[in-house]
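Below are the chains, spelled out letter by letter.
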Amino acid sequence: MGRKFCVGGNWKMNGDKASINELCKVLSAGPLDPNTEVVVGCPAPYLSLARSLLPETIGVAAQNCYKVAKGAFTGEISPAMLKDLGLGWVILGHSERRAIFGETDELIAEKVAHALAEGLKVIACIGETLQEREAGQTEAVCFRQTKAIAAQVKDWSNVVIAYEPVWAIGTGKTATPEQAQEVHAALRKWFTENVSADVSNAIRIQYGGSVTAANCRELAAKPDIDGFLVGGASLKPEFVQIVNARQ
């Protein structure tokens, strides 16, 4: 397959200087599988701190950014600012941004395109709610969200897709490895039919939603699951075990 396993930790709105210092010590000590790409999504006030404490082998991502380089957008941060801090990544389209802050498919797609144009790598999140899954809309929702991004993106080499069933985020419920693999395979087929076979073969699709040290190996064994985007467990020492799920 040749797709490098990629594990992201999304710290969300958690942490302070003391706890981030401790977390960075744990990650720096590892040991982390050298065959896995690791990225941590840090709260904006601590991005410089995390970058200064972590080895270069671990990427640091902002959890959001806006679609233009600068201007009168109070409270926003731009990809140019992230680059200025020496960061290489941003997480965009997380279900919390969509559900709580009302971000549309189109806005997220515009953000993805601008971040890529500015030289950042992007973890672009998609996924359905429990109501949508129960209504049999899983694929329709994921394809709609992906299609919006695909309309704006020409070069996919710096994009990782994170499939996150919203009903499994922070709930303790996890999609079974079979459920996750089914959606990942459907997404790969969508890329083959709507973008290209080359992109479909190369693009990494992470699973996110209550990934833990207990379930990560079984998920990682599935052929179309190319990594994880981890929430709560990324704040704990067990994140090292999740990074090493393929060892």
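What comes next concerns the included structure. A quick note: this is a predicted structure, and the numbers were derived from the prediction, not measured.

Here a ring pair, both rings aromatic, is described through the centre-centre distance and the interplanar angle of the planes. Enumeration over the complete set of coordinates arrives at six aromatic pairs. On the basis of an interplanar angle of 90 degrees and a centroid distance of 5.4 Å, the ring pair of Trp-190 and Phe-191 is categorised as edge-to-face. On the basis of relative accessible area, Trp-190 is assigned to the buried category, the value being 9%. A relative accessible area of 0% means that Phe-191 is categorised as buried.

Its boundaries defined by the atoms lining it, the largest pocket holds a volume of some 550 Å³. Lining the largest pocket are 19 residues, and of these Met-13, Gln-63, Asn-64, Arg-97 and Phe-101 sit closest to its centre. Looking at the lining of the largest pocket element by element, the count peaks at four residues for helix 4 (residues 95–101). Looking at the lining of the largest pocket residue by residue, the class counts come to ten nonpolar, five polar and four charged. Quantified by volume, the second largest pocket comes out at close to 240 Å³. When the residues that make up the lining of the second largest pocket are grouped by side-chain class, the tally is five nonpolar, nine polar and four charged.

Summarising the element assignment, Val-230 is placed in strand 8 (residues 227–230). Residue classification places Val-230 among the buried positions, given a relative accessible area of 1%. It is 12 Å that separates the C-alpha atoms of Val-230 and Pro-165, two residues lying 65 residues apart in sequence. Aside from chain neighbours lying at most four places away, what touches Val-230 is Val-7, Gly-8, Gly-9, Asn-10, Val-211, Phe-239 and Ile-242.

Let us now look at the environment of Thr-104. By the secondary structure assignment, Thr-104 is in the loop between helix 4 and helix 5 (105–117). Sequence separation between Thr-104 and Val-240 is 136 residues; the distance between their C-alpha atoms is 34 Å. A polar contact of 3.0 Å, which involves the side chain of Thr-104, links it to the backbone nitrogen of Leu-107.

The subject of this paragraph is the nonpolar core. With 65 residues, the main nonpolar core has Trp-11, Val-90, Val-112, Trp-156, Ile-161, Tyr-207 and Phe-228 as its most contacted residues. Excluding residues that lie within four positions of it along the chain, Trp-156 makes contacts with Ile-149, Ala-150, Ile-161, Phe-191, Val-195, Val-199 and Ile-203. Within the second largest apolar cluster, ten residues are counted, among which are Val-39, Ala-61, Cys-125 and Leu-229.

Okay, the pattern of salt bridges next. Using the criterion set out here, one finds 17 salt bridges in the structure. The partner of Lys-121 in a salt bridge is Glu-37, and the shortest N-O contact between them spans 4.0 Å. In this pair, Lys-121 is assigned in strand 5 (residues 121–126) and Glu-37 in strand 2 (residues 36–41), connecting sequence segments 84 residues apart. In this structure Lys-121 comes out as partly exposed when scored by relative accessible area, which is 31%. Take Glu-37: its relative accessible area is 19%, and that puts it in the buried class.

Over its 13 residues, helix 5 runs 18 Å from end to end, which matches the ideal 18 Å to within 8%, given 1.5 Å per residue. Residues of helix 5 that are buried: Asp-105, Ile-108, Ala-109, Lys-111, Val-112, Ala-113, His-114, Ala-115 and Leu-116. Buried residues belonging to helix 5 abut helix 3 (79–84), strand 4 (89–92), helix 4, strand 5, helix 7 (138–150) and strand 6 (159–163). Backbone geometry just after helix 5 places Gly-119 at a positive phi near 95 degrees.

Conventions we followed
- Residues numbered from 1 in each chain as written.
- Predicted model: local features only at pLDDT ≥ 70, side-chain atom pairs only at ≥ 80, totals over all residues.
- Heavy atoms only, no water.
- Phe/Tyr/Trp six-rings, centres within 6.5 Å; stacked < 30°, edge-to-face > 60°.
- Buried < 20%, exposed > 50% of the residue type's maximum accessible area, 1.4 Å probe, protein only.
- 1 Å grid on protein atoms, 1.4 Å probe; cavity = no way out; pocket = protein on both sides within 12 Å on 5 of 7 lines; lining within 4 Å.
- Points joined across faces, edges and corners; volume = space filled by probe spheres on them.
- Helix = DSSP H or I, 4+ residues; strand = E, 2+ residues; numbered from the N terminus.
- Nonpolar A, V, L, I, M, F, W, Y, C, P; charged D, E, K, R; others polar.
- Contact = heavy atoms within 4.5 Å.
- Polar contact = N/O pair within 3.5 Å; in protein donor to acceptor, adjacent residues only side chain to side chain.
- Core = buried A, V, L, I, M, F, W, Y, C linked by side-chain atoms within 4.5 Å.
- Salt bridge = Lys/Arg side-chain N within 4 Å of Asp/Glu carboxyl O.
- Expected span 1.5 Å × (residues − 1).

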